[in-house]
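# Observations on the three-dimensional arrangement
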Amino acid sequence: MSWDAKDVALLKKLWVQGQSAAQIARRLGCSRNAVCGMLTRLGLKRGHKPPTAKPKIRSVRKQEPALLVACAQPAAKKVSRKTTDKQPKEFSKRQLYAMLAEAVRNTG
């Protein structure tokens with residue numbers, strides 16, 4: 001889209017009024033991305049609060065002493081006592097060919 005002075009002035013006016021980029025795009029008859037690109041080139045931003053805004057300050061909850069003590073102690077690790085070394089099952093050549101043939105049949 002080619003931007004002339006009238007379109008840029010309307011874009012600035014609508015942006016200051018608080019309209020979204022999609023709304024402005026519909027009004028100007030262009031894409032939302034074209035509007036966003038022009039806003040970036042013009043240095044117009046939104047998303048910051050005006051200096052007159054008064055943010056709410058919330059107090060931080062104090063943690064209870066019992067929770068602090070529980071958090072300070074390391075957790076006990078559970079270790080398995082079973083140490084059996086299982087040998088892999090050995091197959092005969094005939095069994096391996098049968099398993100391979102079955103796998104080929106199932107994938108077809």
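Data block above holds the structure.
Below, the structure is looked at part by part.

## A word on the side chain of Asp7
Inspection of the secondary structure assignment puts Asp7 in helix α1 (residues 5-17). With residues near it in sequence (within four places) discarded, Asp7 still touches Met1, Ser2 and Leu28.

## Looking at the packing of α1 against helix α2 (residues 21-28)
Interaxial distance between α1 and α2 falls to 10 Å at its minimum, and their mutual angle equals 145°. Here α1 and α2 pass one another in a crossing that is right-handed. Of the residues in α2, those in contact with Asp7, Leu10, Leu11, Leu14 and Trp15 of α1 are Ala21, Ile24, Arg27 and Leu28. Looking at the contact of α1 with α2 residue by residue, the classes come out as seven nonpolar, no polar and two charged.

## Focus: the nonpolar core
Ranked by size, the top nonpolar core spans 14 residues in total, and within it Trp3, Leu11, Ile24, Leu28, Cys30, Val35 and Leu39 carry the most contacts. Mapped onto this core, the elements with two or more residues apiece are α1, α2 and α3 (32-42).

## Looking at the state of the cysteines
Working definition: the covalent bond between the sulfur atoms of two cysteines is a disulfide. In total, this model carries zero disulfides according to the counting rule given. Cys30 takes part in no disulfide bond, and the closest cysteine sulfur to it belongs to Cys36, at a distance of 9.6 Å. Looking at Cys30, the relative accessible area reads 17%, which means it is buried. Judged by relative accessible area, Cys36 falls into the partly exposed class, the value being 25%.

About the cut-offs
The residue count restarts for each chain, going from 1 along the sequence in the order it is written. Note on the predicted model: pLDDT of at least 70 is required for a residue's local features to be given, and 80 or more for side-chain atom pairs to be given and counted; whole-chain, interface and lining totals, by contrast, use all residues. Computation of side-chain values: all heavy atoms of the structure, hydrogens and water removed. Put simply, DSSP H or I for four residues or longer makes a helix, DSSP E for two residues or longer makes a strand, and each gets a number counted from the N terminus. For this analysis, residues touch if any pair of their heavy atoms sits within 4.5 Å. Where helices are involved, their axes are fitted lines through C-alpha atoms of the stretch in contact, as for all axes, and angles between N-to-C directions lie from 0 to 180°. Left-handed describes a crossing whose near helix is turned anticlockwise from the far helix by less than a right angle; the clockwise case is right-handed. Each residue gets one label: Ala, Val, Leu, Ile, Met, Phe, Trp, Tyr, Cys and Pro are nonpolar, Asp, Glu, Lys and Arg are charged, and the others, such as Gly, are polar. Think of a nonpolar core as a cluster: buried Ala, Val, Leu, Ile, Met, Phe, Trp, Tyr and Cys residues, connected wherever their side-chain atoms sit within 4.5 Å. Only protein chains enter the calculation, and the probe is 1.4 Å; a residue is then buried if its accessible area is under 20% of its type maximum, exposed if over 50%, and partly exposed in between. For the purposes of this analysis, a disulfide is any pair of cysteine sulfur atoms at a distance within 2.5 Å.

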